[in-house]
Amino acid sequence: MSEATEVRVYEPSAELVRNAAVSGMDAYKALCAEAERDYEGYWARLAREHVTWQTPFTRTLNEDNRPFFKWFEDGKLNVSYNCLDRNIQAGLGDKTAIIFEADDGTVTRVTYSELLVRVSRLANALRAKGVKKGDRVVIYLPMSIEGIVAMQACARIGATHSVVFGGFSAQSLRDRISDAGAVMLITSDEQCRGGKNIPLKPIVDEAFGMGGCESCKTVIVYKRTGGACNMVEGRDVWLHDVLQGQADTCEPEWVEAEHPLFLLYTSGSTGKPKGVQHSSGGYLLHAILTMKWTFDIKPTDVFWCTADIGWVTGHTYITYGPLACGSTEIVFEGVPTYPDAGRFWKMIQDHKVSVFYTAPTAIRSLIKAADANEAVHPKSYDLSSLRILGSVGEPINPAAWEWYYQNVGGSRCPIVDTFWQTETGGHMITPLPGATPMIPGSCTLPFPGIQAAIVDETGNDVPWGQGGILVVKKPWPSMIRTIYGDPDRFVKSYYPADFQGRYYLAGDGAIRDAKTGYFTITGRIDDVLNVSGHRMGTMEIESALVAHPLVAEAAVVGRPDDLTGEAICAFVVLKRSRPTGDEAKQIANELRNWVGKEIGPIAKPKDLRFGDNLPKTRSGKIMRRLLRSIAKGEQITQDTSTLENPAILDQLAQTL
Ligand code: WT7
């Protein structure tokens with residue numbers, strides 16, 4: 001893929017600027033200035049204007065127990081009420097909330113009124129099963145209306161959901177149920193992807209079989225396909241059965257703004273995934289604001305975020321943001337390449353999608369497919385309904401940006417390259433489509449009110465043009481509140497002593513353009529990889545590898561990959577001698593599948609190599625820097641004099 005060399009600036013069209021919620025750079029700057037002048041007043045104003053409160057808040061920000069910040073703490077609200085009831089009261093009851101397209105192309109539409117009934121009935125069923133405010137409910141469902149209904153039903157009764165991505169293994173599911181002490185699990189018999197039915201319920205049974213799920217007394221099963229499904233007496237119940245006889249209305253549980261809306265597990269630098277805890281009030285505010293400002297969402301828009309509800313993007317930009325704004329959104333069950341790689345373009349055409357939000361990995365793979373087959377090229381479809389495009393999850397390389405802009409957006413639609421994280425709840429650094437001039441490869445400027453900055457190891461600002469560590473200097477409403485059950489880890493991970501606990505540490509490196517001040521994210525500065533926009537800890541994969549009976553030691557690093565952004569490269573030392581030839585290939589395969597079973601298919605190393613040892617310093621520290629160079633296929637020019645065993649570098653340089 002050739003990268004553009006000259007820097008081109010793309011201005012939003014005059015028409016877009018005219019009609020945008022944040023219209024022009026002066027409007028953007030005015031919002032930033034307002035936040036600068038009166039930080040709390042700014043957020044309080046927005047929280048009053050955009051969120052419906054049952055009890056208004058009087059205190060905006062409580063910093064007494066920093067970094068455990070509280071926002072709008074004496075206010076009460078219900079997130080599901082904000083997403084459903086208030087839209088219906090505003091006259092949107094008959095508006096389509098969700099257009100669901102199944103893997104096989106079947107389309108189902110649900111209006112706001114219908115959605116409220118479905119959410120209310122399930123919420124009543126959860127209450128009938130004893131789920132109370134503050135209880136944790138794990139949701140392990142494919143992309144479906146039911147998945148969104150399940151999340152909203154939890155929100156309605158004040159239960160805290162923890163969605164586990166349907167691609168995660170039994171072990172990962174078990175760990176998450178156990179860590180959260182969940183009282184209930186909602187799953188389905190199977191899921192449909194790419195024309196295949198993939199069993200889901202057996203994975204649940206396997207997870208329970210591992211022990212540690214004793215807190216979880218009920219498993220509700222949504223019958224998606226009707227395939228064979230084992231039901232455990234006294235524990236498992238069909239969704240359609242628990243809904244029988246439930247009332248169509250459900251009084252929302254009014255919760256404090258700080259009440260935990262959800263936990264979402266994500267990878268960090270150590271082996272164990274962390275349960276990122278989000279609030280209700282502050283989180284909802286940012287979901288709404290970013291829908292309105294970053295996506296400039298209008299009543300006539302059809303919004304489509306292609307993420308899965310198993311990731312934070314699916315939480316904020318499928319389950320909560322679009323519904324809270326009363327928009328019509330697409331929910332897609334399938335994969336971008338089935339029945340062919342024109343699926344996304346066909347769906348945009350069929351449903352007249354106007355705001356489209358996807359990941360660079362998807363774009364890169366669809367570029368490849370379109371190059372090979374004109375029939376699946378975007379130009380073979382009518383994409384004239386599009387007005388705004390978005391990108392998320394990893395840096396978008398300028399070549400992919402240009403292709404997306406020209407071929408999907410018809411050189412007419414701004415691309416919002418949104419930088420954010422599971423922990424931030426919503427967009428942090430992003431262009432606003434009717435204001436910010438865009439430069440491919442840069443996520444441009446902070447969302448109004450977000451105090452993003454780049455500092456050195458001691459926390460001092462670095463000048464523009466110089467790379468450093470990305471931090472956020474002030475707390476913001478949708479930020480992570482804690483790591484569930486591990487507040488110390490929350491403090492250590494995000495408010496480290498390096499900066500005297502003053503700043504939120506994002507974990508990414510970044511640089512600001514010397515002239516424009518635009519931000520470019522340069523990648524993680526910790527041991528976290530980003531593969532196809534999925535976040536994975538190297539230690540997590542290493543732990544999975546060494547759990548295999550053959551493995552003595554393993555080190556995992558990332559290397560750049562044209563398609564997936566980063567690829568996982570594992571260096572493995574076996575307890576027996578180093579295998580070669582076919583045997584090496586066969587063991588490598590076995591280990592790859594093992595990791596797939598331990599964590600999930602997305603964690604399978606692309607590249608796996610064997611050595612008699614790993615490169616270590618005399619004190620026994622693995623030299624990851626060297627491994628990264630080897631993984632990239634670089635000549636080792638670094639100083640290897642501290643290395644105890646230089647000969648193994650040649651071994652590890654050999655691919656299988
Ligand atoms: C990490 C967060 C944000 C929701 C999906 C991923 C990387 C995310 C961008 C972007 C460059 C990006 C960062 C970040 N990242 N968006 N627009 N440009 N990098 O959420 O799994 O919590 O991962 O994804 O490295 O820290 P996540």
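Residues numbered from 1 in each chain as written. Predicted model: local features only at pLDDT ≥ 70, side-chain atom pairs only at ≥ 80, totals over all residues. Heavy atoms only, no water.

1. What to know about the UniProt feature "binding site: CoA" (unreviewed entry) in the chain
As annotated in UniProt, the feature "binding site: CoA" (unreviewed entry) corresponds to Arg193, Gly194, Gly195, Lys196, Thr313 and Ser532 in the numbering used here. Annotated residues spanning 340 residues; largest pairwise C-alpha distance 24.9 Å, indicating distribution over more than one region. In this structure, Arg193 sits in strand S9 (residues 190-193). Given the relative accessible area of 29%, Arg193 is considered partly exposed. Contacts of Arg193, omitting those with residues within four sequence positions, involve Asp103, Ile198, Asp308, Glu333, Gly334 and Val335. (UniProt positions renumbered as here; feature names shortened; annotations may be inferred. Helix = DSSP H or I, 4+ residues; strand = E, 2+ residues; numbered from the N terminus. Buried < 20%, exposed > 50% of the residue type's maximum accessible area, 1.4 Å probe, protein only. Contact = heavy atoms within 4.5 Å.)

2. Quick notes on the pairing of strand S6 (residues 136-140)
Most of S6 is tucked away, with five of its five residues classed as buried. Residues Arg136, Val138 and Tyr140 of S6 are buried on one face, and the alternating residues Val137 and Ile139, pointing to the opposite face, are buried as well. Where S6 meets strand S7 (residues 160-163), four bridges bridge the pair, whose relative direction is parallel. Bridge assignment links Val138 to a residue of S7, and that residue is Ser162. As a crossover connection, the stretch from S6 through helix H7 (residues 145-157) into S7 is right-handed. Bridge count between S6 and strand S8 (residues 184-188): four bridges; the pairing is parallel. Bridging across to S8, Tyr140 finds its partner in Thr187. (Pairing = 2+ DSSP bridges. Right-handed = clockwise from strand over helix to strand, strands pointing away.)

3. Re the site of the ligand
What surrounds the ligand is a group of 17 residues, the closest being Asp417, Thr418, Thr422, Asp508 and Arg535. Take Arg524: an N or O atom from its side chain is 2.8 Å from an oxygen atom of the ligand. In the environment of the ligand, an oxygen atom lies 2.7 Å from a nitrogen or oxygen atom belonging to the side chain of Arg535. About the coverage of the ligand: the protein hides 95% of its 550 Å² of free accessible area. Residue assignment for the shell around the ligand shows that the elements contributing at least two residues are helix H12 (312-324), strand S20 (415-418) and strand S25 (519-524). (Near = heavy atom within 4 Å. Polar contact = N/O pair within 3.5 Å; in protein donor to acceptor, adjacent residues only side chain to side chain. Areas by Shrake-Rupley, 256 points an atom, 1.4 Å probe, with all protein chains shown as cover.)

4. Let's talk about empty space enclosed by the protein
Here the idea is plain: a probe the size of a water molecule rolls over the atoms and shows the empty space left. What the rule picks out here adds up to four cavities of 30 Å³ or more. Computed from the structure, the largest cavity encloses a volume of approximately 50 Å³. Asp179, Lys272, Pro273, Lys274, Gly275, Ile483, Tyr484, Asp486 and Arg489 are the residues that line the largest cavity. Class assignment of the residues belonging to the lining of the largest cavity gives a composition of three nonpolar, one polar and five charged. (1 Å grid on protein atoms, 1.4 Å probe; cavity = no way out; pocket = protein on both sides within 12 Å on 5 of 7 lines; lining within 4 Å. Points joined across faces, edges and corners; volume = space filled by probe spheres on them. Nonpolar A, V, L, I, M, F, W, Y, C, P; charged D, E, K, R; others polar.)

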